[in-house]
Amino acid sequence: MCGIVAYVGRKIAQPLLVEGLKRLEYRGYDSAGVAVIDSAGNMHIRRAVGRISVLENTIQNGQALPESFIGMAHTRWATHGAPTECNAHPHLDNSGRIALVHNGIIENYAALKKFLSGKGHQFSSQTDTEVLAVLIGDLYDEMKVQNHIPPGVSPLQRAVQAALHQVEGTYGIAVICKEEPDTLVVARKGSPLIIGVGKDEYVVASDASAIVEHTTQVIYLNDNEMAILKPDAFRTCTIDDIAISPVVSQLENKLEEYELGDYPHYMLKEIFEQPTAISNTLRGRAEQKDGRIVLGGVSKYTRELIRAHRIILTGQGTAWHAGLVGDYLMEDLAKIVTECTYASEFRYRNPIVEEGTVVVAISQSGETADTLAALREAKERGALALGVINAVGSTIARETDAGIYLHAGPEIGVASTKAFTCQIVTLAMLALYIGRRRFMSQAQCQEVIDGLCAIPDQMTKVLEQSDHIRTIVEQFCERENWLFLGRGYHYPVALEGALKLKEISYIHAEGMPAAEMKHGPIALINDGMPVVFIATQGSQYDKVISNIEEVRARGGKIIAVATEGDANIHRYSEHVIEVPDAMECLQPLLTVVPLQLIAYHAALARGCNVDKPRNLAKSVTVE
Ligand code: M6R
């Protein structure tokens, strides 16, 4: 949700900024812009509506930028104001000296705008961000007139601090000023910002993907912290100007992991990476030889976990679907009362958090604003807060009491795929970790671990059916309404299949428990409507067959995801996609893969942008 990259150092800034933007484009892609200060101290700004490539063309064809060693850039996901050139970042103050890029929302922007307008300031956009730029400019002037700045202190730093004291809301910002052409000021509250520390240079970005090419040494800014960066010096402090000793960390992921390689799309790459990603999630944790689970990240809280009275799993979108599978797993394997709730709902419903409640925040990015807010609420109410997170060092990961990283590698495609399956694997391991210490036998624990360890190879067999799935999808991709139905462990999979199809192919799809269909949605079924059933062999197989019959009787066309070798299912289905047999509680890891591929092939067939679907952003950092 908006991507920021900023640079100060000895290299020419502009190409580095544009390359950084391309890596961050998945965060938002309705418009983009760049600002640099040249060696004569002039500010230059280029902005364009559309993808980064449009901005790049603008710069290459007629609007070249001069050589400069400081600058910043932004890719936008619109919140306030339509995606137009004048609403694109960077934004300037009224004098044109100060430029700002911003990720987040300034909630009191209307009041500030009124105040600043009263002082004679003008605005050229509808954005909340421009208000902050103008406010910083106003305070910068005031400070210079009053001459209150101690020697050696940047007036820009002071103006930014003063402005941030007046704003309500969230921000990750980078600010430059042509009167201080070697100073980059960055600050954060609620929106991520990482400082890459190179030799005589700093690359600041919303996430590591734009940094890893330049350095692997990073500083994660916390809320209400800022940094003043010059090529040969930097200082970190709070926005109240209390100095902070920076902690320099090492980035975990390598540059190659962010590359597309030979794949046409990140989504396809990430679908096919799942066997490896799951092996990485399991490595060193699921010990097949001894039949035990080792979870170093939560071991400090083992006692609290064994004694927990209630587990609340929370997240949004795909992470919430993984949580729903986790809900079944926790009750099945750990025998603890569990619920899975949307983070956005948990946060505002005055939740009851009794003693012995464990809240598990599930998030790929670790930056989702709703999930972060729920986590904070849970901690405030005394819950033990755990995280199941992919992005190392992300805000949620740092705010939890303990957690388990997925180690799935970076997920770039907006449609979450490998994070989903790795989240389920992680939740299964957590359930085993607790369950074995409560009522679970060694034999049962061993059986599930064996099942988990078999998943990567079984999943590879499912992936081999990609072409078969494409031919099925091509027969139905013109249909505007689909249903996804499943029971038990496959109900969340049905939800996930529908979400994938909606978000990347813009087909209307609904997922629901197969039994729920007859309570209303059955009215939707008409001749030829594609209905995907997850109909693997298991405790509810016969009931699912009955539900299939109900759909067929009304003209629906059945695409069944079924167990390998199930001859019976062909009698009820137009098309069958087979998955290897697995324990019922682990089947979602296999049955979701065909649904991911259905969505991928449908989006391709309909000419949609698979990795950057309309209106979406990878990481949703506003509530
Ligand atoms: O980064 P998170 O896992 O917290 O993201 C949560 C959702 O925004 C995310 O899963 C979203 O639903 C995906 N686009 C679905 O594919």
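Small disclaimer: the values here were computed from a predicted structure and weren't measured.

Draft legend 1. The site of the ligand, seen in detail. Taken together, 14 residues lie near the ligand, and Ser363, Gln364, Ser365, Thr368 and Glu503 sit nearest. Val414 is positioned such that a nitrogen or oxygen atom in its backbone is 3.0 Å from a nitrogen atom of the ligand. Here Lys500 contributes a side-chain N or O atom positioned 3.0 Å from an oxygen atom of the ligand. Taking 410 Å² as the accessible area of the ligand by itself, protein coverage stands at 92%. Contributing elements (two or more residues each) for the shell around the ligand: α9 (317-334) and α16 (490-505). When grouped by side-chain class, the residues that make up the shell around the ligand number four nonpolar, eight polar and two charged.

Draft legend 2. Up close: the nonpolar core. Ranked by size, the top nonpolar core spans 97 residues in total, and within it Val360 and Trp482 carry the most contacts. By residue number, the principal contributor to this core is helix α13 (residues 418-436), which donates 13 residues. Looking at this core, you find at least three residues from each of domain 2 (259-462) and domain 3 (465-623). Leave out the neighbours within four places in its chain, and Val360 touches Ile311, Ile312, Leu313, Thr314, Leu386, Val388, Leu427 and Leu430. Formed by 32 residues, the second largest nonpolar core is a distinct cluster that contains Ile136, Met143, Leu156 and Cys237.

Draft legend 3. Representation of the environment of Thr79 within the structure. Tracing the sequence through the fold places Thr79 in the loop between β4 (68-76) and β5 (91-92). Overall, Thr79 belongs to the partly exposed group, its relative accessible area being 34%.

Draft legend 4. Structural detail: the environment of Ser191. Tracing the chain through its elements places Ser191 in the loop between β8 (184-189) and β9 (194-198). Look at Ser191 and you get buried, because its relative accessible area is 0%. On a C-alpha basis, the gap between Ser191 and Leu463 in space is 36 Å, while along the polypeptide they are 272 residues apart. What Ser191 contacts, discounting residues up to four positions off in sequence, is Asn103, Gly104, Thr170, Tyr171 and Gly172.

Draft legend 5. The arrangement of the packing of helix α7 (residues 274-282) against α13 in detail. Here α7 crosses α13 at 30 degrees, and the two axes come no closer than 9 Å. With respect to their mutual orientation, α7 and α13 come out roughly parallel. Handedness of the α7/α13 crossing: right-handed. Residues Gln274, Ala277, Ile278, Thr281 and Leu282 of α7 pack against Lys418, Thr421, Cys422, Val425, Thr426 and Met429 of α13.

Draft legend 6. Representation of the pattern of salt bridges within the structure. Applying the stated criterion to the full structure yields 38 salt bridges. Here Arg97 ties to Asp93 by a salt bridge, and the two come within 3.5 Å at their closest N and O atoms. For the pair formed by Arg97 and Asp93, the shared burial category is buried. Through salt bridges with shared partners, a single ionic network connects Asp93, Arg97, Asp141, Lys144 and Glu179.

Draft legend 7. View of the pairing of strand β17 (residues 310-315). Counting buried residues along β17, six of its six residues qualify, which places the element largely inside the surrounding structure. Residue alternation in β17 divides its side chains into two sets, Arg310, Ile312 and Thr314 and Ile311, Leu313 and Gly315, and both sets are buried. In terms of strand pairing, β17 meets strand β18 (residues 337-342) through six bridges, oriented parallel. Each bridged residue has a counterpart across the sheet, and for Gly315 the counterpart in β18 is Tyr342. With respect to chirality, the unit in which β17 leads through α9 into the neighbouring parallel β18 is right-handed.

Draft legend 8. Representation of the domain arrangement of the protein in the model. Domain parsing of the protein yields domain 1 (3-251), domain 2 (259-462) and domain 3 (465-623). Placing a centre on the C-alpha atoms of domain 2 and another on those of domain 3 gives a separation of 24 Å. Listed as interface residues are 45 residues of domain 2 and, on the opposing side, 42 residues of domain 3. Surface buried jointly by domain 2 and domain 3 totals about 3800 Å² across both partners, of which 68% is contributed by carbon and sulfur atoms. Connecting domain 2 to domain 3 are one salt bridge. Residue Glu564 pairs with Lys461 through a salt bridge whose shortest N-O separation is 3.4 Å. At the boundary of domain 2 and domain 3, one finds 15 residue pairs in polar contact (both at pLDDT 80 or more). For the side of domain 2 that touches domain 3, the secondary structure elements donating two or more residues are α6 (266-272), α9, α11 (369-380), α13 and α14 (442-463).

Draft legend 9. Representation of α16. An ideal rise of 1.5 Å per residue puts 22 Å on 16 residues; α16 measures up with 22 Å between its terminal C-alpha atoms. Summarising burial for α16: 13 of the 16 residues are buried, a large majority. Directly after α16, the chain includes Tyr506, whose backbone phi takes a positive value near 60 degrees.

Draft legend 10. Up close: the packing of aromatic side chains. Going through the model one piece at a time under the given rule, you end up with six aromatic pairs. Summarising the aromatic geometry, the rings of Phe476 and Trp482 are spaced 6.3 Å apart at their centres and angled 75 degrees between planes, so their arrangement reads as edge-to-face. Pair check on accessibility: Phe476 and Trp482 agree, each one buried. Its end group placed over the ring of Tyr433, Arg437 keeps NZ or CZ at 3.9 Å from the ring centre. Positioned over the ring face of Tyr506 is Arg614, at 3.8 Å from the centre of the ring.

Conventions we followed
- Residues numbered from 1 in each chain as written.
- Predicted model: local features only at pLDDT ≥ 70, side-chain atom pairs only at ≥ 80, totals over all residues.
- Heavy atoms only, no water.
- Near = heavy atom within 4 Å.
- Polar contact = N/O pair within 3.5 Å; in protein donor to acceptor, adjacent residues only side chain to side chain.
- Areas by Shrake-Rupley, 256 points an atom, 1.4 Å probe, with all protein chains shown as cover.
- Helix = DSSP H or I, 4+ residues; strand = E, 2+ residues; numbered from the N terminus.
- Nonpolar A, V, L, I, M, F, W, Y, C, P; charged D, E, K, R; others polar.
- Core = buried A, V, L, I, M, F, W, Y, C linked by side-chain atoms within 4.5 Å.
- Buried < 20%, exposed > 50% of the residue type's maximum accessible area, 1.4 Å probe, protein only.
- Domains from an automatic or database assignment.
- Contact = heavy atoms within 4.5 Å.
- Axes fitted to C-alpha atoms, helices over the stretch in contact; angles between N-to-C directions.
- Parallel < 35°, antiparallel > 145°, perpendicular 65-115°, else oblique.
- Left-handed = near helix turned anticlockwise from the far one by under 90°.
- Salt bridge = Lys/Arg side-chain N within 4 Å of Asp/Glu carboxyl O.
- Pairing = 2+ DSSP bridges.
- Right-handed = clockwise from strand over helix to strand, strands pointing away.
- Buried area = accessible area lost by both parts, 1.4 Å probe.
- Expected span 1.5 Å × (residues − 1).
- Phe/Tyr/Trp six-rings, centres within 6.5 Å; stacked < 30°, edge-to-face > 60°.
- Lys NZ or Arg CZ within 6 Å of the ring centre and 35° of its normal.

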